[in-house]
Amino acid sequence: MSNKALLVTGGAGFIGSNYITSFLEKYPDWQLVNLDKLTYAGNVDNLSAVNDLDRYHFVHGDVADETVVNEIFRVFDIEGIIHFAAESHVDKSIMDSNPFILTNVLGTGVLLEAARKDWEAKGVLKERRFHHISTDEVYGSLEAEGKFTEETPYNPRNPYSATKAAANMLVKSYYTTYGMNVVLSSSSNNYGPRQHDEKLIPTIIRKALSLERIPIYGDGMNVRDWLYVGDHCQAIDRIFHDGEAGESYNVGGGNERTNLELTHYICDQLDRVKPHFLAEKDLQSYRELITFVDDRPGHDRRYAVDDSKIRRQLGWSPQVSYLDGLKDTVEWYVTKWEEVLQ
Ligand SMILES: NC(=O)c1ccc[n+]([C@@H]2O[C@H](COP(=O)([O-])OP(=O)(O)OC[C@H]3O[C@@H](n4cnc5c(N)ncnc54)[C@H](O)[C@@H]3O)[C@@H](O)[C@H]2O)c1
């Protein structure tokens, strides 16, 4: 077997694990190296479909550790990198920004530098690809109208998005300074199977099934554009293979919903699939558990991306409708927690 491989970082997390699973199925000739620190957010069980494949290699390590990263480049001929690894939870970044700076900024710098040195030495710097996975949160917050385009200036408003914006700038600088073949993608909020329990949708479902209060920040009117993780993985695949060097691509789901609308829909799905839990607390609907709590500091009001560039240039569009995707997602978490919550 050739030692040419794709390097994925943060592949034991939510989006990375979905991406690795679909990549290895679609590209049977590729090897794949997954570098993951296995923080609280990483889980090797997310990769149960590929863990036993010979062409899948798991490396337990930190993207900010030069020794580990250089060793990967020594052992494998890294054809391309898809860099997912990040500290990703906004609330945690507000409590302590340090791990965010180390992983998201320093880690991206270490990875860029290792790739640059290896690819320059082999004379392939302009051919091999570095794909940085980023977020629409780098653009800041919107009022009721308008959408972020790729030209919208960065205006991050919390430590998480500030570190993602800093990483984006570093990646772009490797294109302008060294001519490295980089691409960036900024997606809206993802949903789907294998997301960490701390995030909004799993939290709503878990709290509801435990018959606990479902906490909603502020007035619940903050708007997010929800993207099914499988659609995001397909967009990444297109950008990685066919995106233009030095370019950024926005990826959206075209599904703007307030947090309250989203919560109502999830509660309605749970009323359908798990009605018998409600009787325990004499409830008619899980909606009755919704409780408004103090708003998150600096809570961005609305995100919405204009993703016409990827649609026009790369022919991508989301395939999973919001209602179908969310229905399947609710059922996936219900199955996951079924035994624990009996
Ligand atoms: N989830 C979303 O809605 C969303 C939206 C837009 C962009 N993104 C971006 O997509 C990427 C993946 O997000 P996610 O939701 O899958 O995150 P996640 O928190 O579920 O997973 C992150 C993974 O990175 C690993 N990791 C963390 N620090 C590391 C380090 N120093 N070295 C190596 N591995 C490390 C963790 O162990 C985990 O497996 C992130 O870069 C995030 O900023 C996420």
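Refer to the structure printed above.
Enquirer: Hey, could you run me through the overall build of the protein chain in this one?
Expert: Along the protein chain, the regular secondary structure elements total eleven helices and 13 strands. A compact globule built from 342 residues would reach a C-alpha radius of gyration of about 20 Å, and the protein chain, at 20 Å, matches this within 12%. Its C-alpha atoms give the protein chain principal-axis dimensions of roughly 70 × 45 × 40 Å. Long-range pairs, those at least 24 residues apart, make up 82% of the contacts in the protein chain with a sequence separation of at least 6. About 14600 Å² of surface is accessible on the protein chain, with carbon and sulfur atoms providing 49% of the total. Taken together, the 36 basic and 52 acidic charged side chains of the protein chain have centroids lying 2 Å from each other.

Enquirer: Explain the layout of surface pockets here, please?
Expert: A probe as big as a water molecule, rolled over the atoms, marks out the empty space that is left. Size it by volume and the second largest pocket reaches roughly 300 Å³. Taken together, 20 residues make up the lining of the second largest pocket; nearest its centre are S22, G230, C233, Q234 and D237. When residues of the lining of the second largest pocket are traced back to their parent elements, those giving at least two are α1 (14–26) and α7 (229–242). When grouped by side-chain class, the residues that make up the lining of the second largest pocket number eight nonpolar, eight polar and four charged.

Enquirer: How should I be thinking about the site of the ligand in this particular structure?
Expert: Within the structure, the ligand sits among 28 residues, and I15, D36, S88, Y160 and K164 are positioned closest to it. D36 is positioned with one of its side-chain polar atoms (N or O) 2.6 Å from an oxygen atom of the ligand. When isolated, the ligand has an accessible area of 840 Å², and the protein chains bury 97% of it. At the level of elements, α1, β5 (129–135) and α5 (159–178) are the ones that each hand at least two residues to the shell around the ligand. For the shell around the ligand, the leading source of residues is β5, giving three residues.

Basis of the calculations
- Residues numbered from 1 in each chain as written.
- Predicted model: local features only at pLDDT ≥ 70, side-chain atom pairs only at ≥ 80, totals over all residues.
- Heavy atoms only, no water.
- Helix = DSSP H or I, 4+ residues; strand = E, 2+ residues; numbered from the N terminus.
- Rg over C-alpha atoms; globule rule 2.2 N^0.38 Å.
- Contact = heavy atoms within 4.5 Å.
- Areas by Shrake-Rupley, 256 points an atom, 1.4 Å probe, with all protein chains shown as cover.
- Lys, Arg positive; Asp, Glu negative; His and termini not counted.
- Charge placed at Lys NZ, Arg CZ, Asp CG, Glu CD.
- 1 Å grid on protein atoms, 1.4 Å probe; cavity = no way out; pocket = protein on both sides within 12 Å on 5 of 7 lines; lining within 4 Å.
- Points joined across faces, edges and corners; volume = space filled by probe spheres on them.
- Nonpolar A, V, L, I, M, F, W, Y, C, P; charged D, E, K, R; others polar.
- Near = heavy atom within 4 Å.
- Polar contact = N/O pair within 3.5 Å; in protein donor to acceptor, adjacent residues only side chain to side chain.

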